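Each chain is listed here by its residues.
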Amino acid sequence: MQRRVVVTGLGLNCGVGNTAPEVWANLSAGKGGIAPITQFDTTGFSVTFAAEVKNFDPLQFIDKKEARKMGRFIHLAIAASQEAIEHSGLKITPEIADRVGTYIGSGIGGFEVIEREHSNLLSGGPRKISPFFIPAAIVNMAAGHVSIKYGAKGPISATATACTTSANSIGDAFRIIEHGDADVMIAGGSEAAVTPMSVGGFAAMRALSTRNEAPSKASRPFDKDRDGFVVGEGAGILVLEELEFAKARGAKILAELCGYGMSADAYHMTGIAPDGEGAQRSMRAALRDAKINPTEIDYVNAHATSTPLGDGNESRAIEIVFGEHATSHKLKVSSTKSMTGHLLGGAGGLEAGITVLSLINQKAPPTINLDNVDPECKLDYIPNVAREMTINAALSNSFGFGGINGSLVFRRWQE
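Below you will find a few notes about this structure. (Residues numbered from 1 in each chain as written. Predicted model: local features only at pLDDT ≥ 70, side-chain atom pairs only at ≥ 80, totals over all residues. Heavy atoms only, no water.)

### So, the pattern of salt bridges
Inference 1: Evaluated as defined, the whole model comprises 22 salt bridges.
Inference 2: When the shortest N-O distance is used, the salt bridge between R116 and E117 registers 3.2 Å.
Inference 3: The exposure class of R116 is partly exposed, given its relative accessible area of 41%.
Inference 4: Residue E324 is joined to K330 by a salt bridge in which the shortest nitrogen-to-oxygen separation is 3.9 Å. When sorted by exposure, E324 lands in the same class as K330, which is exposed.
Inference 5: Where salt bridges share partners, they join R3, R99 and D183 into one cluster. (Salt bridge = Lys/Arg side-chain N within 4 Å of Asp/Glu carboxyl O. Buried < 20%, exposed > 50% of the residue type's maximum accessible area, 1.4 Å probe, protein only.)

Following this line, the structure appears as structure tokens:
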């Protein structure tokens, strides 16, 4: 008999809030978190804004001496993990430690650490490089630090699949529990890429919005005037548990994770296959895994980043997979990146958490800044105002450079 997997805790931080309740309150109110960059001097940059995590103090979660040895993506991951574990009520005792795993990924890792230490090398030679450089920067150290902090001795890994990272981390953790290799997984991702090289690099690709005069209006998925994505930062962590294990300890179940799909575009390094063909296969695989019909999905939290090509292809993919259920506007779709910006490797964890909150609150967050829907985008994108509605099942999409696609299906929990 296949083991069922449920969500019992979640922790979120991003440009619209530092905790899951704060994130949800602001998303529900349609409040965005995109503003001028404060983390570095943007003089000379073609893009001067991002969705930074604001008023974040890592010392609330980490000893000062230890915090100095970590990149910001690790700080954000530890904060979200602490919130998720406390929310779940889980106590990782020696008796269960080897049945608790940690899958936390990052698309880039300690980007600001790499930039800082490279500057030290150029200015002072190799002796100026910090001995903590490598462990502060490498992608797996978010998972490592969380595992150490909580004594989780089960399976551990750190996915790095560009913007699909967190969805893959959660989906792979789901499989670990399904197959009996762990009873609990702390899973998701983190990113802190509001740095000169990151912003400058994405701008050089002409991937970013350049609405410097109106940053709060810059991320506008599905809008005909969209001109690129906005870099965001933050983390999204879920506590996943095998159903009977969660019930036995009296955990409050938030939702069931019942389907995971993956696919490769096998098409282009950064481009998207026509009609989101790879995304279609990812969504179909997730629906098949969940043993759920397309008409049973009520809401899709879209990957849609506000790029001219990406949003249209994803919309078309949803239209093809869901057919009349989508084109008749029975299926609701929104992109919360309109408010949070794009967290890159952290996006799927954040959006999986948002999808769970949508199921709990029976409300779908809006796509803000959607003033003139692109004629090529033909679905109901919940423009500008959140929608109270019945949501029994929902799907969250994540797609990344290299043609990597991931989709997760969550079901409302009802005894």
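### Side note on the packing of aromatic side chains
Inference 1: According to the stated counting rule, one finds four aromatic pairs in the structure shown.
Inference 2: Taken together, a centroid distance of 5.9 Å and an interplanar angle of 15° make the contact between F56 and F61 stacked.
Inference 3: Since its relative accessible area comes to 23%, F61 is described here as partly exposed.
Inference 4: Ring geometry for F202 and F229: centres 5.3 Å apart, planes at 75°, overall edge-to-face. Of this pair, F202 sits in helix α8 (residues 196-204) while F229 sits in the loop between α8 and β7 (234-242), placing them 27 residues apart in sequence. The residues F202 and F229 share a single accessibility class, namely buried. (Phe/Tyr/Trp six-rings, centres within 6.5 Å; stacked < 30°, edge-to-face > 60°. Helix = DSSP H or I, 4+ residues; strand = E, 2+ residues; numbered from the N terminus.)

### Quick word on the sheet that holds β7
Inference 1: Pairing within the open sheet is mixed, and its ten strands lie in the order β5-β4-β6-β7-β1-β8-β14-β13-β9-β10. Two strands in the sheet have a free side with no partner beyond their single neighbour: β5 (156-157) and β10 (332-334).
Inference 2: Where strand β8 (residues 255-264) and strand β14 (residues 404-412) come together, nine bridges link them in antiparallel fashion. Pairing of Y260 across the sheet is with L408, part of β14.
Inference 3: Its contacts with the sheet place helix α14 (residues 347-361) against β1 (5-13), β7, β8, β9 (299-301), β13 (393-400) and β14, and it is angled at close to 115° to β1. (Pairing = 2+ DSSP bridges. Contact = heavy atoms within 4.5 Å. Axes fitted to C-alpha atoms, helices over the stretch in contact; angles between N-to-C directions.)

### What about helix α10 (residues 277-290)?
Inference 1: For α10, with 14 residues, the first-to-last C-alpha span of 20 Å sits near the 20 Å given by 1.5 Å per residue.
Inference 2: By the criterion of burial, α10 is predominantly enclosed, with ten of the 14 residues buried.
Inference 3: In the segment just after α10, K291 is the residue with positive phi, at about 55°. (Expected span 1.5 Å × (residues − 1).)

### Section: unusual backbone geometry
Inference 1: Phi at F222 is positive, roughly 70°, even though this residue is not glycine.
Inference 2: Residue position: F222 is located in the loop between α8 and β7.
Inference 3: F222 sits in the buried class, given a relative accessible area of 0%.

### Quick notes on the environment of K252
Inference 1: Within the element layout of this structure, K252 appears in the loop between α9 (243-248) and β8.
Inference 2: K252 sits in the exposed class, given a relative accessible area of 66%.
Inference 3: The spatial distance from the C-alpha of K252 to the C-alpha of V7 is 8.8 Å, given a sequence separation of 245 residues.
Inference 4: Once residues within four sequence positions are removed from consideration, K252 is found in contact with V7 and T8.

### Focus on the environment of A80
Inference 1: Take A80: it is sitting in helix α3 (residues 72-88).
Inference 2: Looking at A80, the relative accessible area reads 0%, which means it is buried.
Inference 3: Linking A80 and L238, residues 158 residues apart in sequence, is a C-alpha distance of 8.8 Å.
Inference 4: When sequence neighbours within four positions are dropped, the list of residues in contact with A80 reads G11, L12, N13, A235 and I237.

### Details of the side chain of R72
Inference 1: One can find R72 in helix α3.
Inference 2: Discounting residues that sit within four places of it in the chain, R72 has contacts with Q39, V53, F56, E112, A192 and E233.

### Things to note about the nonpolar core
Inference 1: One finds L10, I170, L238, L240, L408 and F410 to be the most contacted residues of the largest nonpolar core, which totals 44 residues.
Inference 2: Those elements giving two or more residues to this core turn out to be β1, α1 (20-28), α7 (165-178), β6 (184-191), β7, β8, α14 and β14.
Inference 3: With seven residues, α14 is the single largest residue contributor to this core.
Inference 4: Beyond its immediate sequence surroundings of up to four residues, F410 is in contact with V7, L238, E256, L257, C258, A352, T355, V356, L359, N392, A393 and A394.
Inference 5: One finds A84, I85, M141 and V239 within the second-largest nonpolar core, a separate group that totals 33 residues. (Core = buried A, V, L, I, M, F, W, Y, C linked by side-chain atoms within 4.5 Å.)

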